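Spelled out, the chains give:
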Amino acid sequence: MPSKPSRLCPRCKRVVKGACEQCNKQRETQYDKWRGTSRERGYTTEWDAYSVSFRAQRPLCEQCEANGILRESKVVDHIKPAAYFPELFWEPSNHRALCVSCNTAKSASDVRTYGG
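One structure accompanies this document, and this report is about it.

Basis of the calculations
Residues numbered from 1 in each chain as written. Predicted model: local features only at pLDDT ≥ 70, side-chain atom pairs only at ≥ 80, totals over all residues. Heavy atoms only, no water. Helix = DSSP H or I, 4+ residues; strand = E, 2+ residues; numbered from the N terminus. Rg over C-alpha atoms; globule rule 2.2 N^0.38 Å. Buried < 20%, exposed > 50% of the residue type's maximum accessible area, 1.4 Å probe, protein only. Patch = residues over 30% accessible without salt bridge, like charges linked within 9 Å, V, L, I, M, F, W, Y side chains within 5 Å. Areas by Shrake-Rupley, 256 points an atom, 1.4 Å probe, with all protein chains shown as cover. Salt bridge = Lys/Arg side-chain N within 4 Å of Asp/Glu carboxyl O. Polar contact = N/O pair within 3.5 Å; in protein donor to acceptor, adjacent residues only side chain to side chain.

Quick look at the overall build of the protein chain
Looking only at helices and strands, one finds four helices and four strands in the protein chain. Each helix and strand of the protein chain, placed in order from N terminus to C terminus, yields the pattern β-β-α-α-α-β-β-α. The C-alpha radius of gyration of the protein chain comes to 18 Å, more than 25% above the 13 Å expected for a compact globule of 116 residues. Reported as C-alpha extents along the three principal axes, the dimensions of the protein chain are approximately 50 × 35 × 25 Å. By the burial criterion, 25% of the 116 residues in the protein chain qualify as buried.

Here we look at a nonpolar patch on the surface
The grouping of Tyr31, Trp34, Tyr84 and Tyr114 at the surface amounts to a nonpolar patch, some 410 Å² of accessible area in total. Note that Tyr114 resides in helix α4 (residues 100-114).

A short note on unusual backbone geometry
A positive phi angle is found at Lys13, which is not glycine, with a value near 65°. With respect to the secondary-structure elements, Lys13 resides in the loop between β1 (6-8) and β2 (15-17).

A look at the environment of Lys106
Here Lys106 lies in helix α4. Taking relative accessible area as the criterion, Lys106 reaches 12% and is therefore assigned buried. Polar contacts involving the side chain of Lys106 include one to the main-chain carbonyl oxygen of Ile79, which spans 3.0 Å.

Next comes the structure, spelled out in structure tokens:
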């Protein structure tokens, strides 16, 4: 199988194959500082208990189930992201149970929609 050709990283000007690990780590570090820890974002022990209770009532991923797939829910998703709509953080109608895969895809979509 052919490997990716070498290229010049547009940010640091190093010769790399594929993604530039150095620049990716810098971006991740900056993003983590901007984002804060889960506790700083409001995910307290009270939220942990709420999440367990919510998912007990909705054991299947709602997105997968809508597509005819049965997959266990692992995350309580904020339909409108809490980072942009903090007033909806505790609003049950803004929550849905998702699997990790669907939540990751939804989070990426949120970044494209709302910025990040």
